[in-house]
Each structure stands twice: as structure tokens, then as C-alpha cells.
Amino acid sequence: MIAILTREIKNYLKQPLFWLGMAIVILGIYSQVSFYFSIRYLSPGETIVNDYPETIHAADPNEGYIPATPQERRAFWEAGIQETLVSAFGLSSAEAAAVIDEMKDLNISDACRYFEEKYSFIGAASAYNLTKYRKGTSEEINAYLTEVLSEKPFSWYFSRKFADFAGLFMGFFATIMLSVLFMQDTRSYTYELLHTKPISAGNYVAGKALGGFSVCLIALAILNLVFWALCLIFTRDSGFEVRLYDFIRATCIYILPNMLIIVCIYVLISLLFKNPLPGAPLLFLLIVYSNMGGRNAEGVYGYYGRALAIMVRFPGQFFDTAEPPMLLLNQSFLLAASAVILLISAQLWKRRRV
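The written sequence of each chain sets the order in which its residues are numbered from 1. The model is predicted, so local features are restricted to residues of pLDDT at least 70 and side-chain atom pairs to those at 80 or more, both for listing and for counting; the totals for chains, interfaces and linings are taken over all residues. Only hydrogens and water are removed before side-chain values are computed, so all heavy atoms of the structure are retained for them.

Caption draft 1: Structural view of the overall build of the protein. Each helix and strand in the protein was counted, giving 14 helices and five strands. Burial classification: accessible surface area is computed with a 1.4 Å probe over protein chains only, and a residue below 20% of its type maximum counts as buried, one above 50% as exposed, and the rest as partly exposed. Taken across its 354 residues, the protein has 46% of its residues classed as buried. Here a residue-residue contact requires only that any non-hydrogen atoms of the pair lie within 4.5 Å. Residue pairs at least 24 apart in sequence account for 74% of intrachain contacts in the protein once pairs closer than 6 positions are excluded. Throughout, the Shrake-Rupley method with a 1.4 Å probe supplies accessible areas, and for residues the shown protein chains are the sole cover considered. Total accessible area on the protein stands at roughly 17,600 Å², and carbon and sulfur atoms take up 63% of it. Each helix corresponds to a stretch of at least 4 residues labelled H or I by DSSP, and each strand to a stretch of at least 2 residues labelled E; elements are numbered beginning at the N terminus.

Caption draft 2: Molecular detail of the pattern of salt bridges. Think of a salt bridge as a Lys or Arg side-chain nitrogen and an Asp or Glu carboxyl oxygen that are within 4 Å of each other. Applying the stated criterion to the full structure yields eight salt bridges. Across the salt bridge formed by Glu46 and Arg40, the nearest N and O atoms sit 2.6 Å from each other. Here Glu78 and Arg74 are joined by a salt bridge, their closest N and O atoms 2.9 Å apart. A residue pair is termed a helical-turn pair when its members lie 3 or 4 positions apart in one helix, as Glu78 and Arg74 do in helix 3 (residues 70–87) at four residues. Grouping residues by exposure puts Glu78 and Arg74 together as buried.

Caption draft 3: Just the packing of helix 3 against helix 5 (residues 108–119), in detail. Axes here refer to lines fitted to C-alpha atoms; in helices the fit is confined to the stretch in contact. Angles between the N-to-C directions go from 0 to 180 degrees. Close contact between helix 3 and helix 5 brings their axes to 13 Å; oriented N to C, the two are set at 5°. Our classification of the angle between helix 3 and helix 5 gives roughly parallel. Across the interface between the two elements, Arg74, Trp77, Ile81 and Leu85 of helix 3 pack against Ile108, Ala111, Cys112 and Phe115 of helix 5. Along the lines of polarity and charge, the residues of the contact of helix 3 with helix 5 split into seven nonpolar, no polar and one charged. An angle below 35 degrees is read as roughly parallel, one above 145 as roughly antiparallel, one from 65 to 115 as roughly perpendicular, and any other as oblique. Under the scheme applied, nonpolar residues are Ala, Val, Leu, Ile, Met, Phe, Trp, Tyr, Cys and Pro; charged residues are Asp, Glu, Lys and Arg; polar residues are all the others, including Gly.

Caption draft 4: Fine view of unusual backbone geometry. Its identity is not glycine, yet Leu308 carries a phi of approximately 65°, on the positive side. Leu308 gets classed as partly exposed once you look at its relative accessible area, which sits at 45%. A positive phi angle, near 60°, is found at Met326, a position not held by glycine. As for its placement among the helices and strands, Met326 is situated in the loop between strand 5 (301–302) and helix 14 (327–351).

Caption draft 5: Looking closely at the side chain of Ser179. Residue placement: Ser179 occurs in the loop between helix 8 (154–177) and helix 9 (188–194). Contacts described as polar in this section are N or O atom pairs within 3.5 Å, which, within protein, must combine one atom able to donate a hydrogen with one able to accept it, while residues neighboring in sequence count only if both atoms come from side chains. There is a polar contact of 2.6 Å between the side chain of Ser179 and the backbone oxygen of Ile176. Excluding residues that lie within four positions of it along the chain, Ser179 makes contacts with Tyr266, Pro276 and Leu277.

Have a look at this one:
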């Protein structure tokens, strides 16, 4: 098994295409996360100039926004609704103010329903969603950064964004790269010869799977070191805490189980069809499925994770990301499924011994 594992690692690492792929993955991830390197404390009186509205549905501190409090959101929303009642529904300012007073005691859901039933105004809920973040002064932005960074270090938040895009790019990279893991072994003359060797089915399957998985580990280790170093470099003037542990933790939880299931699917497909290539379209479809959005209990469309997904995405704002529901259960299932697939693959290899 060790010989097989070592051979696979050497075969990949000596290929220029592997390193070209690594370069593409690093550039792809950097293009997505470099925006967050500009998060910093502002100088007294400094303002971030932009032509965005006062409130917006999604923004980060380096764009000049902070989360609005529930009271602020309600005030912004009521002001916007009142203006809409005047401009779009022809009410006078006094009449619009009276309408707002009528629904002061209603919660947002009931108030939106009230406007929809009485005025056929169906955009009230969307208007409230646009009040989630508001423009802040330098003092407010600095106070917000101090608050969130007192709870978790900067690298804890950044590692989630890193895992988001590293998992995505590595999913495609592993799908393409591992498609040749069994290419040589499934050629007719090699396949028959391997079955005459004294190596056991378990050792052969485990060696191939661990070889492919080890290559993914090496690639992820490089990514962890590169982006940990970049994080240190870009945040050194801000004094943010950056820990390599956060990158490793995020990689182990959010990416490694996904890499393992990709390897195991290739093992099974290769031995089942004596060709690894049918596994590629299957995995691409699984990646697409894993990245599909959906609606939550409130009917809001977004990414909430999917059962059997091989991607973990964190599409929220930098300091507001949240794990998809049942994430740990799904990742544990992927690990269990990988073990079952390897057992089935070993039995399949053993039954085809000549």
C-alpha cells in the first residue's frame, strides 16, 4: 500500500499540469478573497466615499457600512415606505404619516401584509431587506471592528471565506486532476496484470485512494500556507490577529471530507466501469447541485446548504457568515459514505481477480 501511495504522489508532483493547476487555483481564490484584505481601522474623521445609498442589503466595513440595529432598520424602513406612499400611491405627506402611525404596533411581517392587503404594495418586505446595513462614520466602523474582533480573531472570519472559495476551486481541480488516478491501471493489459500480483484488494484500493487524497492534502497545505502568509502581510498594519490554526480548522471541517468523497467516487467508478472518465460528469453535476440555492422557512432565497452536498459555501458578509444547517451531519455522512465506497470497491476488485 505504501508503495502505491508513494508512486501516486510522485506521479502527480512531477507533472507540470499539477503545478499549473495549483497556480490557477491560487489566482482564482485570491481574486475572490483579496477584497477582504482591505478591511482595516479608519483614521479619525476618515470617510469611505461611494455613491451607494444610505442603507443596503449587503455590504462590509471596507465599503463604509455597518449592520443597522433593529430600531434603525425599522426607522429607515418606515421612512422609505412613507416616501413610497407619497410618490407611488398619491397620498399626501400627512396621510402617509397617518398610515405609518397606524401600523406602529405591528411587527414587520404583519406590517408588510397590511400594506399588501390595503394598498396592493408587495414590495414592503423587499424594502425592509434593503435596510440591513447602513453607512457608518469612522468611529462607528472602528467600534464595530473592535466588537467583532474581540469575539473571534480576523483569521477566523477570513478562514471561512477562504474555505468557501478554496472548496469551490479545489472541487473542480480535484475532479479534473483525479480523473487520471486510475487511467493507467484500467488499461486492459495493466488491469489484468495487477490482478495477478499478490497485493490484497484492501491494500490496493486503500493505496490508490490515499494516494489521490494525499495529493489533495498537499495542494490544500500549499493553499493554507499561501493565504495565511498573505493574510499576515496585508493585515500587519492593522494589528489583526491571524492564526494558521483557523485555516487548518476550516480546511479540515469544510473541505477535506469533500475531497475524500471525490477520491472515493473515482475509485468506485474506475473499478466498476474499468474507466475513471465516467466519474467526471457525475462529479461536475454533484458540484452544480451542491452550489444550488434555495428558500428558507421565511421564503427568502439564498444558499442554505443541501443534503449530500460536496461543497460548503459561506456567501454572507465577512463578519456575518454562518454554517449551513446540518453541516456537521452532512460532513460526517460524507466520511461514512467514503468508508462504505472503499469497502465496496475492495470487494469489487477482489471479485475481478483473474
